[in-house]
Number of protein chains: 4
Amino acid sequence: MSFNTFGKIFRFTTWGESHGPAIGCIVDGCPPNITLSENDIQKDMDRRRPGKSKFVSQRKESDKVEILSGIFNGKTTGTPISMLIRNEDKRSRDYESIKSKFRPGHADYTYFKKYGIRDYRGGGRQSARETASRVAAGAIAKMVLKNIIGKKFNIIGGVIQLGLMGCDRNNWNNNEIRKNPFFCPDKKSVKLWEKYLLAVRKSGSSCGAIIELRANGIPSGLGAPIYSKLDSDLAGALMSINAVKGVNIGSGISSAYLSGEENSDEMRSKSGKIKFKSNNAGGILGGISSGQQIIASFAVKPTSSIINSRETVNKKGINTKISVRGRHDPCVGIRAVPIGEAMMSCVLLDHLLMNRAQCG
Amino acid sequence: MSFNTFGKIFRFTTWGESHGPAIGCIVDGCPPNITLSENDIQKDMDRRRPGKSKFVSQRKESDKVEILSGIFNGKTTGTPISMLIRNEDKRSRDYESIKSKFRPGHADYTYFKKYGIRDYRGGGRQSARETASRVAAGAIAKMVLKNIIGKKFNIIGGVIQLGLMGCDRNNWNNNEIRKNPFFCPDKKSVKLWEKYLLAVRKSGSSCGAIIELRANGIPSGLGAPIYSKLDSDLAGALMSINAVKGVNIGSGISSAYLSGEENSDEMRSKSGKIKFKSNNAGGILGGISSGQQIIASFAVKPTSSIINSRETVNKKGINTKISVRGRHDPCVGIRAVPIGEAMMSCVLLDHLLMNRAQCG
Amino acid sequence: MSFNTFGKIFRFTTWGESHGPAIGCIVDGCPPNITLSENDIQKDMDRRRPGKSKFVSQRKESDKVEILSGIFNGKTTGTPISMLIRNEDKRSRDYESIKSKFRPGHADYTYFKKYGIRDYRGGGRQSARETASRVAAGAIAKMVLKNIIGKKFNIIGGVIQLGLMGCDRNNWNNNEIRKNPFFCPDKKSVKLWEKYLLAVRKSGSSCGAIIELRANGIPSGLGAPIYSKLDSDLAGALMSINAVKGVNIGSGISSAYLSGEENSDEMRSKSGKIKFKSNNAGGILGGISSGQQIIASFAVKPTSSIINSRETVNKKGINTKISVRGRHDPCVGIRAVPIGEAMMSCVLLDHLLMNRAQCG
Amino acid sequence: MSFNTFGKIFRFTTWGESHGPAIGCIVDGCPPNITLSENDIQKDMDRRRPGKSKFVSQRKESDKVEILSGIFNGKTTGTPISMLIRNEDKRSRDYESIKSKFRPGHADYTYFKKYGIRDYRGGGRQSARETASRVAAGAIAKMVLKNIIGKKFNIIGGVIQLGLMGCDRNNWNNNEIRKNPFFCPDKKSVKLWEKYLLAVRKSGSSCGAIIELRANGIPSGLGAPIYSKLDSDLAGALMSINAVKGVNIGSGISSAYLSGEENSDEMRSKSGKIKFKSNNAGGILGGISSGQQIIASFAVKPTSSIINSRETVNKKGINTKISVRGRHDPCVGIRAVPIGEAMMSCVLLDHLLMNRAQCG
């Protein structure tokens, strides 16, 4: 059982609250002798951190990672890697007004019902601030995957739907994702999305998003049937990200609408190599990787902390209204991109190690 | 780590291949002193078993469960409950023609790549036959939930989309589900679905489905953040079912298209009881149950074993074609209903016990 | 969490009661493509089974193992191996007289306190009958270890203390162990032990034993600090055997009486190979194997089911006396030898696979 | 799987090396609403920390615990409690002379063989410094046990054997343990032990110890057969402590020498309460607590880092000699007392929560 630990062999444990002194992450089970520095991790941290554009939370955090253990002379030692990220820009007073009210659509209510205690300062442990720790763990997973698989391994995510605004997945461009503040893979959509999101924010509301993840270079054979299937573990991992309400593998929900012929990916052999003619499976069959690109997507609901007034109750069970001010993302889905990549990287590495254990 | 074991406290382990002598399931961690008989389990088994209508596989299995341990004088003892289900109607010769070919969209290929060995008889361990074991475990979970929660607990699933044919969820009727061979909750759709599925089968093809699950009576407070969230565990559980490619909690993927106001469920207090004005959350906020109805849905891809000829390769890597005859479901999604209920029941009970452990 | 499951990657789950229809074991995580038959397992089963000499229980069980899954064409497939062992010689009526009394030193009382239910027939799940399942799992572990490590791997256990009777460990002889009914490694002690144990039994009493286990061919590097140390896992495994009250690694408890110089095993290099001058460590340093012989021993308390009358209470809490007749071992420690070997084999294999996962 | 995590529901994960910037511990699964402060933890830390008498290591560490998460307004919130302990008195240069040599009886060699990397500074992760983290976790476990069980709960350990010097267990006195620097429960032995240990140290050698742990107030019914037995988990926990080579439950190894009558603890009922006439079982029968005092003991081998010269090899496999100077405990067993208490407290709490889960 593991409440705040993720993974089976490559495992990470996160701790910390939004407005405590720091948050952090322990990575355990990391293979030894992998070159690793704080800089390797910082790159991914910077992609997630708030305050970088006007489209995300204005909280100012440098999200600098300090490694406290597990590295000796620039290499992993096989012992736990402890990482610390300080909380620099806390404004707990912002939360005074909602101290005893529950935000509709927020975990305020359920945490209180479960634990009988409420840490109202920035959402406490419920806060998406926790995801910074995941990105740190994911950065290590990526380094290890690169070390084991080689250069052909890479993973990238993009926002393919921003609220009501879609984009053309056929225009997917990894470089474009790195350029715009929405992680949008389709250059043509960026301007439109910009206008749309500013309007959403201005109206005091918020919107959702769909993120797609793609991993290349993953060998076939990863995934442990029946209850540690690769897709099952990916679904659990992505659904554990704050505000996620749906997960697809490959064609996902859409596959329900396809015929057997349309859906099943035909195979061809060419000069000794087996190729699939399509990838509705998202690279996973029977819970085991097929050697194709691994594709998964997940839907993030709109931010529940919004300015527009909503009906709710307070801790005493009295009806009231709530309007949440403060520094919230108008679309939490945007910053979910590096988090999704991190979770997928951890799952893939975990399965690679698991497969090594059982199948040599 | 647990390849063929599901759950944390209430755990089950399944074993067995499609064409071996038997399959089975061990349930561990079951609370003691719960009244339980083979009949209690058989009811659910019968809802899943093949050969019951012309819309499912014609394999004839009585799916009779024998309890070999864990019950004394009609009550659970707290020790493992071992259940055996014999395979009665095996026709391994049906598989001779595809012995060395890989079915597109099937786990044939990936199992072979992973384990270097192929049990071609009915799919071996990949077969959905394994899910009979899950239904047996789920039946026990339901009995325990009824014992702990009382009569207000119930769980039911229905097919809300059959290939291209939808139904009106506003007409959801539990009794209707029990009557028609599609587990369809909307009486008005049944006739249409019947025609549609017969046409699909006749054409040598197959179709997918979407199943919705609803659980009532679940108390608030279940779910263990961050990495054993109730929705995360449900997503992993449902994605582990054969052929599932997508999972939604509450509004799921659709929530990405809603605004913050539309999506977040407002709360009202009435005579001391807190009620939500809607249920886009599917009864789960921040990974913890809110006391509302728990709602999840999942998409099942179309059966990959179809008569229509498909391009593929064989074990030697040579291009060939395949046409799969035999006794396959034209829509595996239909029989996934009791399996989904079983998995959700196990997850809910597991979280109830987990919550009891940490929060008393 | 795993109540009735043992292991991390190579895992087994046991089920069944002493007087139920059968007992059994599921082995999960077994590497694929290992040649395995029921005969390979039967050899070890026969070493443990009762009724073989006048020094053990006279219950007549053939302990024949039926493999129900996980093997195809004589090889493991990587999927769960289900093994069934029928209970043939049950005499539940033997237990009528103690049905409502608690045997001093027995788990009767604590099972009843924990579960609120009592399966008095032969001890139910508390019975050492469960250990037959462990021996089956251990036999598979040995086959896999032989397959991976090669011929230099072997494991053997011997009884080095039978009640008050010791033996000379310097006379340890593997062949002798296989010949006498006590698994005694020292030929000179056998006659004496025979007389001693007959006297113990005749007097209506019982005695304890100490068993030593030795494994050869184990490579260095197995063991995962800090909380999956090889010695820690061995200690937990051996202490889980019925009636075990103490565990030593290498010199064990005695090491407390040694000086730093006496205890620490000096090292010498000879033609490129490192040798230790002694083995007080039992082949484990810092929880990791050193490449030396792995040595562990464990103490089994005397059988608590004895004929001699003892003071106790009954289920109603009334003072009474108890005298246990039936077919009990005068020294349960003897048959613990193959069980100890089985548990050590499973731990060693598990750590070999774990090490493969993290360290390649 | 959990390399650096201990426990099932109440779990802790430790990280950090002897000469890194800090070490630490994350406690997960702690029940909410338990009053807890850094002071509550510090008391136990002070009992373990070095530099307190001339009989232990002279390393000067304040071992001050900083709580970074999981507490709000002085109470546990049910979320992970992160604790940080800085390393203040590192002298890595002390280790320059042994940088490339392996200390006989030390984990230097096996860590190098496993991970292919050597952190020679103070033993890195192998160092007993890690145990400070365990004491912090154990202090929290004790607070929770007191909160749930009430005042009748307490736990205390004492050194009952110091090298060749025993003591009289019949003189066991909890207050005496708190007074002398050896945690010796028998006042009469203290003076003798003092002389003995000074002589051992002066001779450049070291000695071992046996520690006994006693817990009162533990209810019956804790322990989950078969593979999470209370004694099995205790054995694993105690064997995981640095330098431990043997573990006893109750009479332990000695029980092998007793007859069935001597060993099994008879029961008597008096005014409705059941009492045992002795406690050879150490309060555990069939792996489940009986309601008696829980008693376990463990043997710690003599410190392997000694001044007296020893034969060994270096990293290049060349024969050499080693003499270890620095600040080492002449008997590491002494400071193992609070560590043993911590591990036992964690196991007991874990089983209490587990029992609550399954048995209500």
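Residues numbered from 1 in each chain as written. Chains lettered and ligands numbered in written order. Predicted model: local features only at pLDDT ≥ 70, side-chain atom pairs only at ≥ 80, totals over all residues.

(A) Just the relation of the copies chain D and chain B, in detail. Each copy of the sequence occupies a distinct position, and chain D is placed on chain B by a rotation of 180 degrees and an axial shift of 0.0 Å, giving an RMSD of 0.0 Å. Each copy turns onto its partner about a two-fold axis. Judged by C-alpha distance, Ala-357 of chain D is the residue of chain D that lies nearest the rotation axis, at 2.3 Å. Taken as a fraction of all interface residues of chain D, those also at the interface in chain B reach 100%, which identifies the copy contact as same-surface. (Least-squares fit on C-alpha atoms with pLDDT ≥ 70 in both. Contact = placed C-beta atoms within 7 Å.)

(B) Layout of the relation of the copies chain A and chain B. For the pair chain A and chain B, the superposition axis carries a translation of 0.0 Å, the fit reaches an RMSD of 0.0 Å, and the rotation angle comes to 180 degrees. Here 100% of the contact residues of chain A are again contact residues in chain B; the copies associate through an equivalent surface.

(C) Local environment of the confidence of the model for chain A. Averaged over all residues, the pLDDT of chain A is 95; the fraction at 70 or higher stands at 100%. Interface scoring of the predicted complex returns ipTM 0.97; its pTM is 0.98. (pLDDT = per-residue confidence, 0-100.)

(D) Here's a closer look at the sheet that holds strand S4 (residues 65-67) of chain A. Residue and element names in this part refer to chain A. Judged by pairing direction, the sheet is antiparallel, and its 5 strands sit side by side in the order S1-S2-S3-S7-S4 without closing on themselves. Lying at the two open borders of the sheet, with one neighbouring strand each, are strand S1 (5-6) and S4. Where S1 meets strand S2 (residues 11-16), 2 bridges bridge the pair, whose relative direction is antiparallel. Residue Thr-5 lies in a different strand from S2, and its bridge partner there is Thr-13. (Pairing = 2+ DSSP bridges. Helix = DSSP H or I, 4+ residues; strand = E, 2+ residues; numbered from the N terminus.)

(E) Fine view of the interface of chain A and chain B. Each side of the interface is counted separately: chain A has 94 residues, and chain B has 94 residues. A per-class count over the side of chain A that touches chain B returns 38 nonpolar, 40 polar and 16 charged. Sheet analysis places strand S11 (residues 244-249) of chain A next to strand S11 (residues 244-249) of chain B, joined by 3 bridges and oriented antiparallel. In the strand pairing of S11 of chain B, Asn-248 of chain A is matched with Gly-246 of chain B. (Nonpolar A, V, L, I, M, F, W, Y, C, P; charged D, E, K, R; others polar.)

(F) Quick look at the sheet that holds strand S2 (residues 11-16) of chain C. All names here are of chain C. Read from one edge of the open sheet, 5 strands run S1-S2-S3-S7-S4, paired in antiparallel fashion. Since the sheet does not close on itself, it has two edges, and those belong to strand S1 (5-6) and strand S4 (65-67), each with one partner. As judged from the 6 bridges shared by strand S3 (residues 22-28) and strand S7 (residues 81-86), these two strands associate in the antiparallel manner. From the neighbouring strand, Ala-22 faces S7, where its bridge partner is Arg-86.

(G) Quick peek at the packing of helix H3 (residues 131-149) of chain B against helix H8 (residues 332-359) of chain B. Residue and element names in this part refer to chain B. Packing of H3 against H8 brings their axes to within 7 Å, and their N-to-C directions diverge by 45 degrees. By the angle between their axes, H3 is oblique relative to H8. The hand of the H3/H8 crossing is left-handed. Of H8, the residues touching H3 (which contributes Thr-131, Arg-134, Val-135, Ala-137, Gly-138, Ala-141, Lys-142, Val-144, Leu-145 and Ile-148) are Pro-338, Ile-339, Glu-341, Ala-342, Met-343, Ser-345, Cys-346, Leu-348, Leu-349 and Leu-352. (Axes fitted to C-alpha atoms, helices over the stretch in contact; angles between N-to-C directions. Parallel < 35°, antiparallel > 145°, perpendicular 65-115°, else oblique. Left-handed = near helix turned anticlockwise from the far one by under 90°.)

(H) Broad picture of the pairing of strand S18 (residues 319-322) of chain D. Residue and element names in this part refer to chain D. Of the strand pairs in this sheet, strand S17 (residues 310-313) and S18 are connected by 4 bridges, and their pairing is antiparallel. By the bridge assignment, Val-313 is partnered in S18 with Asn-319. Taking the residues that link successive antiparallel strands as the turn, the S17-S18 hairpin has 5 residues, and the phi of Gly-317 there is positive, at about 80 degrees.

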